[in-house]
Amino acid sequence: MNDVPDFVLFLGRFHPLVVHLPIGFLIFAFVLEILGRKKKYNVITAATPLALLLGFLSAVVACILGYMLSLSGDYEEAALDNHFWFGVFTSAIALIAWLISIEKIKLPKKNKVKANISVLTLIVILLSITGHYGANLTHGSDYLTKYFPFGKKDTSKELVKVEKVEDAVVFNHLVQPILEDKCISCHSKSKKKGGLSFQDSLSIAKGGKHGATVIAGKALESEMIKRVLLDPEHEDFMPPEGKTPLTEEEIAILTYWIDNVHANHTSTVASVETPENVLHIASSMLGLKGGAHGGHHGSTSDVVLPKATAANPSTLEDIKAEGFTIRELVFDSNLFEVVLPPYTKKPGDDLNAKLEKLSKIKDNIIWLYIENNNLNDDHLKTISSFKNLQKLVINRNGNITDNGIATIENLNSLNSLNVYGNSKLSKASLDTFSKINTLKNVYASGTGITQKDIEVLNKKDLNIVL
Amino acid sequence: MCDHHDRLKSNNKDLQSVEKQLDRRHFLKKTSLGIGALALGSLLNTEKAWSSIGNSDNAAVNAFTRNKLGLPHHLPKAKRIIYLFQSGGPSQLDLFDYKPKLVDMYGKDLPKSIMKGQRLTGMSGSQSTLPVAPSIFNFKQYGESRAWVSELMPYTAEIVDDLCFMKGMQTDQINHTPAITFFQTGHQLPGRPSMGSWLSYGLGSDNENLPTFITLVSKNGKGQPLKASLWGNGFLPTEHQGVQFRSGKDPVLYLNNPDNYDGTDRKKMLEYLGDLNSIQHDAYGDPEIQARMSQYEMAFRMQTSIPEVTDTSDEPEHIFDLYGKDSRDPGTYAANCLMARKLLEKGVKFVQLYHQGWDQHIGCPNGVKFKAKQTDQATAALIKDLKQRGMLDDTLVIWGGEFGRTVYSQGQLTKTNYGRDHHPKAFTMWMAGAGVKPGFTYGETDDFSYNVTKDPVHVHDFHATLLHLFGIDHERLTFKHQGRRYRLTDVHGHVVKDLLT
Ligand code: HEC
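Residues numbered from 1 in each chain as written. Chains lettered and ligands numbered in written order. Predicted model: local features only at pLDDT ≥ 70, side-chain atom pairs only at ≥ 80, totals over all residues.

### Some words on the overall build of chain A
1) Next: Check the secondary structure of chain A and you find 17 helices and seven strands.
2) Next: Looking at chain A as a whole, 37% of its 466 residues are labelled buried.
3) Next: The long-range fraction of contacts in chain A, counting pairs at least 24 apart against all pairs at least 6 apart in sequence, stands at 63%. (Helix = DSSP H or I, 4+ residues; strand = E, 2+ residues; numbered from the N terminus. Buried ≥ 20, exposed ≤ 12 C-beta atoms within 10 Å, placed from the backbone. Contact = placed C-beta atoms within 7 Å.)

If you want it as structure tokens, here you go:
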């Protein structure tokens, strides 16, 4: 296979280009003949023989180049054979059609027109079949039908959805999607670049021209990993220039599969040793945690995001009209940061009514800033139903008391609370803080809470800043 | 020809009759100029024109929850940022990167094995020897994190447990202008958008009465000049450029109305001006006109918003004491630190401070000492102040220069004096606040603080990490210009995950 001279392979690569010439010429001949049946266009049939001759000649050239290309060994034999023989056959029929048209093959006069049309129709059919086989070779056999509107989707390949990342089968759920996304277009059964196919477990095990592609337990020695880790400028870098390279996360998954899963096709994430970072990547690939919007890009944020339904635009408009600013914190997550700028409240304004409006989107809010706005205990009661809050900034609202703080003890996603300058707060609020398990940081400078109170509370994972 | 001519007309009914008259008189002139302008416009500016068409209602969308660029990509940690740029290249050797072994090397030539054939600047490259100059300052470890800090930074020493030191910083540039430009824009040549512009473009504004990105240059810095391209918008729409405040009593000039003018009809005047501008915009479609309109409107709103933020009279005594006595003198580094905090409180996203003069080619000990004295207290005060207010939770603070300084002395070395040249291959910076590990030191240098031996952080990596903290995947915030997509990190950069909480 490898002793084919480079020059032959070089010429072979012109096959996909040249192959369009006979298609054009022959179909054009068909069109001429059809149109020529009309009296008005009678004369144009004079060009048919020329079109057929050019079609035949270019078909022969395309066949030869095609044969040269096939010598590269990058293609599956069976599919190749079909394409090859149909190509040859089409060329032969084109020759016959030409001979008929210049009357070297004589047919009874009155059948001539019919004969021409039928041979040409046959040619068009053959061209279509040949072309189809050819396209299957380059694009894969499901290329044409993949988006076929009425067909049943092939569900046999569809994966069972997993609920927990631990249940995911490493190969099926994590590795295969990467290969299909980035590699399979060149490494499949029908198109084996470098003699390598990633279509199924057997072919992966078989490897490519240079032998094994995957060495179980030795990712860095495996051709698959070596190639994707090369400098992108390097000639052997995979995927080749112009294709989207693997992300770091994707490489981490492949490496993990070879090293920890020993490149088998059945182990689940739970059954092998799985490092923390791979767990993160895997869950975001599977869309199991918030922040999965980036797909394979994955999010390194370890904060779990709640699911929220889309807020009604007119509701948002209303809330904005009340002076709140709303910003989506992760694109398309429907999770918001809401800020009421300091001193927004004008005399006569009813903060209660504002918050009432705001509570229409309470599940969408994860960061809430209401600083220096005369917020009081009653308002906090309303806010205590904003159960997805992760950050609450209510500093410099001097009216808030320990009782108000006590009402937010059920905010069990809260991890940062800012009560700076709320001078009525005392150590009683520390109890509330310590009841909120998720709470990590409290900013309580300028309150009645003292360093001593904090020492007495002695809660290690709760950081209270004075 | 007539076609083009028609396109130059406005959509404003009132003006159309006037335009007809104009037509007859200036037909030739206008058409030729007009076509020229159109052609030129499309030659130079198509990207901009197109992109701005895409973004024309960006502000509205931003203000209204859904970001047109698909940002943020993930949950941000940081909401705002103060970048304390120490311009000139502070000596890591005299401040943070403690190298006790150098004492034994005093005056010896810097080993070739360390230099690895590095090209030096023209300033020290021709020296016959490169004598090793150990720092004359004492270092001690501080805090629970046991971070090394020299005696020059006593206030910073108090806050080390809030800082995340990066001792293995690296840049590609050895001279000031390209190095600063590289730090601020990701490229050594001027013309790319600055970090602040990228953030403004990507994330929009949090307070429409103030610019998103403000630059403050301290008046007591003095040194290598800075220029506006460092906070420029490059090819991004103009409204994203940084707005520089003057370093003095009046940070923005002409905010007050002139004598005998009560300002009542200014709004009306601006509305008319806006109408005229939009007629011009209809005719030429130049996005710069829109940018100008929004800048005028911003300026109008700043008449009331700026005096409010720049007024420090409501700050209590103890705050001035915290920032040091300079903080009462508007325009100094300390006063700017305080102003930066106030700006952030009002919803400004990016405040960029510059303090010049960290360029100690000669007289390094005295120079560094002086610069440290000007900045140390206020820097630490800013961190403490932000922390106390809970703002450090979502504010990122960055301290650092454009490169470091050499271990060898530029010029004569004596027991008490030495100079240090530029050194791009290893230097120290720190970050604090939103999403970065507090009390943490990342990266190590060799015994000469010359090469990074562990965990380098390149400028591109720094940028990638910074964007990451704002919820942005640095590979996916792009802008198409002159036929290709640009990023702050261009084709480089890795998020340094080890720095993140
Ligand atoms: C655009 C087509 C294309 C894509 C996509 C592609 N490859 Fe390749 N691959 C090739 C070609 C062509 C060769 C043979 C030439 C060579 O050895 O460099 C090859 C060879 C290889 C080989 C060496 C096989 C051997 O034994 O010689 C490996 C391993 C490989 N690819 C892995 C990958 C992986 C992993 C991906 C997905 C990330 C990928 N390729 C995606 C075209 C592609």
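### Quick look at the nonpolar core
Among soluble globular proteins, nonpolar side chains are generally buried collectively.
1) Next: Formed by 112 residues in total, the largest nonpolar core has its most connected members in Cys-337, Ala-340, Val-351, Leu-353 and Val-397 of chain B.
2) Next: Those residues in contact with Val-397 of chain B that sit more than four places away from it in its chain are Ile-82, Leu-84, Leu-382, Ile-383, Leu-386, Met-431, Ala-432 and Gly-433 of chain B.
3) Next: In terms of nonpolar packing, the next biggest core, distinct from the first, is built from 48 residues, Ile-361, Leu-368, Ile-383 and Leu-430 of chain A among them. (Core = buried A, V, L, I, M, F, W, Y, C linked by C-beta atoms within 7 Å.)

### Focus on the environment of Ala-205 of chain A
Residue and element names in this part refer to chain A.
1) Next: Looking at the secondary structure, you find Ala-205 in helix 8 (residues 201-206).
2) Next: Ala-205 gets classed as partly exposed once you count the C-beta atoms within 10 Å, which come to 13.
3) Next: With 11 residues separating them along the chain, Ala-205 and Ala-216 place their C-alpha atoms 9.9 Å apart.

### Here's the deal with the pairing of strand 9 (residues 395-400) of chain B
Residue and element names in this part refer to chain B.
1) Next: With respect to burial, strand 9 is a largely interior element, six of its six residues being buried.
2) Next: Here strand 9 shows two buried faces, one formed by Thr-395, Val-397 and Trp-399 and the other by Leu-396, Ile-398 and Gly-400.
3) Next: Where strand 2 (residues 80-86) meets strand 9, six bridges bridge the pair, whose relative direction is parallel. Counterpart to Leu-84 in the pairing with strand 9 is Trp-399.
4) Next: Inspection of the sheet shows strand 9 paired to strand 12 (residues 427-433) by four bridges, in the antiparallel sense. Bridge pairing in strand 12 places Leu-396 opposite Gly-433. (Pairing = 2+ DSSP bridges.)

### Quick look at the site of the ligand
All names here are of chain A.
1) Next: Surveying the vicinity of the ligand reveals 24 residues, the closest of which are Cys-183, Cys-186, Lys-193, Gly-194 and Gly-208.
2) Next: It is helix 9 (residues 223-229) that provides the largest number of residues to the shell around the ligand, a total of four residues.
3) Next: A breakdown of the residues in the shell around the ligand according to their chemical character gives nine nonpolar, eight polar and seven charged. (Near = placed C-beta within 6 Å. Nonpolar A, V, L, I, M, F, W, Y, C, P; charged D, E, K, R; others polar.)

### Section: the pairing of strand 12 of chain B
Residue and element names in this part refer to chain B.
1) Next: Within strand 12, seven of the seven residues are buried, which leaves the element mostly enclosed by the surrounding structure.
2) Next: Of the strand pairs in this sheet, strand 5 (residues 163-170) and strand 12 are connected by five bridges, and their pairing is antiparallel. By the bridge assignment for strand 12, Cys-164 is matched with Met-431.

### Description of unusual backbone geometry
1) Next: Following Met-238 of chain A, the chain continues to Pro-239 of chain A via a peptide bond in cis, the omega torsion being -10 degrees.
2) Next: Positionally, Pro-239 of chain A belongs in the loop between helix 9 and helix 10 (248-259).
3) Next: Cis rather than trans, the peptide bond between Leu-71 of chain B and Pro-72 of chain B has omega equal to -15 degrees.
4) Next: Looking at the secondary structure, you find Pro-72 of chain B in the loop between strand 1 (64-65) and strand 2.
5) Next: Notably, Asp-332 of chain A is not glycine yet its phi reads approximately 65 degrees, a positive angle.

### Things to note about the confidence of the model for chain B
Residue and element names in this part refer to chain B.
1) Next: Here chain B averages 88 in pLDDT, while 87% of its residues score no lower than 70.
2) Next: Per-residue pLDDT stays below 50 along residues 1-7; that stretch engages in seven contacts with residues further than four places along the chain or on separate chains.
3) Next: This model gives residues 41-63 a pLDDT under 50, and the stretch forms 26 contacts once residues within four places in sequence are excluded.
4) Next: Confidence metrics for the complex model read pTM 0.66 and ipTM 0.84. (pLDDT = per-residue confidence, 0-100.)

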